[in-house]
Amino acid sequence: MTRLPLAACLALIACPAVAGVEEAVEGHILPGFERFASEAADLAGAASSDCTAEGARPAFHEAFDAWMGVSHLGFGPVEEDGRGLAIAFWPDTRGMIPSTLARLVADEDPAAGDSESFAEVSVAGRGLYALEYLIYDEGFAGYEAGSYTCALVTAIATDLARMADDLANEWQETAGPALLTAGEAGNATYLSRAEAEQALYTALQTGLAFTAQQRLGRPLGTFDRPRPRRAEAWRSERSLRNVILSLEALGELAEALTDAPIPRTEEAFEAALEEARSLEDPTFAGVEEPASRLRVEILQQRVEAVSDAVAGEIGAELGVTEGFNATDGD
Amino acid sequence: MPTRRGFLASLAAAATVPQLSWADAGAPAFLAAAREADGSFALFGLTEQGADLFRVSLPDRGHAACAHPHAPEAVAFARRPGTFALVIDCASGSLIRRLEAPEGRHFYGHGAFLADGAILCTAENAYETGEGKIGLWSRDDGYRRMGEIESGGTGPHDMLTLPGDILAVANGGIRTHPDRGREKLNIDTMRPNLAYVSVSGGVEEVVELDPGLHRNSIRHLAEHDGQVGFAMQWQGPLPDPAPLVGLHRRGGAPVLCATDLAEQMAMDGYAGSIAMTADRVAITSPRGGRVHLFGRDGSFRASVRRADVCGVAAQRGRLFATDGLGGLHRIEGDALRPLRLAEARNWDNHVVRI
């Protein structure tokens, strides 16, 4: 037994189905959303019994970890009702999270006391990133038990758990079966089997690009103007952790997608993960100093190299590319 | 020595030589370009059900085609910053003329016909100064270059012909230079506009949005009953909820159309095509995998999901969409009804109504 991370991921799949769509659904998507639903429910439970920042933090991290296992699966149920942004409103290029939260707190908006009303609150005031603000940002996190902010933390956690539960159910009942019956009569979502593979392949490549361009690219900024405070979830010191967890999840999806050997892809994932795990810079604060900045740039290049390897091996094997029009633009 | 009478008779005979029409190309409802399974590119004429009527090979990936109003002639433009356009006889499949952009100019993706099809107009970049130009070509004279007029802005992309031989031009505002490919050189200072221009009157009206939206590149156009719809592409940081479609009537103020924050951001700041009917305005986002439908008053109606959807066109009061997976769909209410899936093809950016 090797200790390579991808092999470890594969070993966790109890009953490997035929590689491809089936394995991606049964070995990656469904268990990923089950885990997220379970951790989000635990977070809601934890916040209900102790909504202070200290009380909510451990379960917040567990739920965020679970989200990183599925955050790249941005198609299907997560596209309904704005759920994708209601769970993960990042990057927040216009600073809408703090302004929305500040308004909710200043008004003591009664939506926090009612889950149906809270589902109508702006997506910028919901989900993991709004929660992170409340329990980690200096401007919010000092709230008392029994305060409005404390009730808001419980409301966000409860809302998150409800959405996570809905996602797991819908993947189980409709979205998973839709992928598995791609091309069959009556399947209006995937008109051919290739379309299901295309959707999964696009999720894989989009996830890699998001990590390279946003999770790493935003704090890197430019050499003359690095932007460490644009790192993802730096308040909770999750920036690097999210990169690692997302790469692990994407590696699992890559392995599921094809039976063909993908040595370049595996090697590229391992190189990127090795670089990330050896980086002792949890919030990418080092982007401001040339030597430590270089390490983040190297990590970004390693992630981009994964995209190239995936295109050359998995894309070529499946006969798919990323969106013909989505990647063109004019 | 021909007699005067004989000369007149021969003129009359010439006048009655039947002119070819789109019926001679099978009366297509649409033109669309695609990449085929072997990596080659072609332009197709399609029925309203999506069946092929003709196929003409293209040398490379095109951007858009523009159709002559009567004759079965299509002009296929190279992708930006291409310097050639092909005038194609869709009845025979033969090349009528290869148009070369003049020195210092390149084409910018779209074109339109004026004067009942006598003049072809092409969106062009005078790249040393960055001025947008509309090239004029005489069809009756073998598509000879006649001259050019100002586009009214920088980076003209799409254009369409309005009654009275007015051109509506989407000046995207983005300056590029062929030495630097598609690199955008003026994002911080770009100022897109919707301009109305004519050959006789020049730039007749220019519509700009609020300064806060100066990074919203106006790129594609549709028109119905005197109302122009313009589709935009956000050039600022993403995600962003900037509106991606606006409606305008000559002399009036533009109406911007958007929906709720999450659904708006899901378009990924990008509208690829626009079409209008008597009661609907449709924009596509291949990046967001969505069609957004609005009423003609600008109110949001529906979001319809389809991966890589980009082409959209109105034909006989109905909306049709094409996607990069080979699908052609009719938009019915708030759903897509697939008419045909050409699995071996990737339909390119635009589908054009004949």
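Residues numbered from 1 in each chain as written. Chains lettered and ligands numbered in written order. Predicted model: local features only at pLDDT ≥ 70, side-chain atom pairs only at ≥ 80, totals over all residues.

## A closer look at the overall build of chain A
Scanning chain A from N- to C-terminus turns up 12 helices and 0 strands. Listing the helices and strands of chain A from first to last along the sequence gives α-α-α-α-α-α-α-α-α-α-α-α. Reported as C-alpha extents along the three principal axes, the dimensions of chain A are approximately 55 × 55 × 50 Å. In chain A, once contacts between residues fewer than 6 apart in sequence are set aside, the share between residues at least 24 apart is 76%. (Helix = DSSP H or I, 4+ residues; strand = E, 2+ residues; numbered from the N terminus. Contact = placed C-beta atoms within 7 Å.)

## Describing the overall build of chain B
Scanning chain B from terminus to terminus reveals 2 helices and 28 strands. On C-alpha atoms alone, chain B measures out to a radius of gyration of 20 Å, which is about the 20 Å that the 2.2 N^0.38 rule sets for 354 residues. Considered along the principal axes of its C-alpha atoms, chain B spans approximately 80 × 45 × 40 Å. A burial count over chain B gives 50% of its 354 residues as buried. Expressed as a percentage of contacts within chain B between residues at least 6 apart in sequence, the contacts between residues at least 24 apart total 47%. (Rg over C-alpha atoms; globule rule 2.2 N^0.38 Å. Buried ≥ 20, exposed ≤ 12 C-beta atoms within 10 Å, placed from the backbone.)

## Description of the domain arrangement of chain A
How big an interface is tends to be stated in terms of the accessible area lost upon association of its parts. Residue and element names in this part refer to chain A. One can read the domain layout of chain A as domain 1 (18-180) and domain 2 (193-318). Each side of the interface is counted separately: domain 1 has 23 residues, and domain 2 has 25 residues. Secondary-structure elements contributing two or more residues to the side of domain 1 that touches domain 2 are α2 (21-49), α3 (53-68) and α7 (127-136). (Domains from an automatic or database assignment.)

## Some thoughts on the packing of helix α9 (residues 193-220) of chain A against helix α10 (residues 239-257) of chain A
Residues and elements named next belong to chain A. One can describe the packing of α9 onto α10 by two numbers: an axis separation of 10 Å at closest approach and a directional angle of 160°. Here α10 runs roughly antiparallel to α9, going by the angle between their axes. In the packing of α9 onto α10, the handedness of the crossing is left-handed. Contacts between α9 and α10 involve Leu200, Tyr201, Leu204, Gly207, Leu208, Thr211, Arg215 and Leu216 from the first element and Asn242, Val243, Ser246, Leu247, Leu250, Leu253, Ala254 and Leu257 from the second. (Axes fitted to C-alpha atoms, helices over the stretch in contact; angles between N-to-C directions. Parallel < 35°, antiparallel > 145°, perpendicular 65-115°, else oblique. Left-handed = near helix turned anticlockwise from the far one by under 90°.)

## Remarks on the interface of chain A and chain B
Each partner contributes to the interface: chain A provides 21 residues, whereas chain B provides 30 residues. The residue inventory of the side of chain A that touches chain B, partitioned by class, reads 9 nonpolar, 8 polar and 4 charged. (Nonpolar A, V, L, I, M, F, W, Y, C, P; charged D, E, K, R; others polar.)

## Some remarks on the pairing of strand β3 (residues 52-58) of chain B
All names here are of chain B. Across 6 bridges, strand β2 (residues 41-46) lies against β3 in antiparallel orientation. What sits directly across from Phe44, in β3, is Arg55. Between β2 and β3, which pair antiparallel one after the other, the connecting turn spans 5 residues, and Gly50 there sits at a positive phi close to 95°. (Pairing = 2+ DSSP bridges.)

## A short note on the sheet that holds strand β26 (residues 327-332) of chain B
Residues and elements named next belong to chain B. Strand order in the open sheet formed by 4 strands is β24-β25-β26-β27, and the pairing between neighbours is antiparallel. Each edge of the open sheet carries a strand with a single partner, namely β24 (309-315) and β27 (335-341). Each strand of the sheet is rotated relative to its neighbour by a mean of 30°, with strand direction disregarded. Note: β24 against strand β25 (residues 318-323), 6 bridges, orientation antiparallel. Residue Gly311 lies in a different strand from β25, and its bridge partner there is Thr322.

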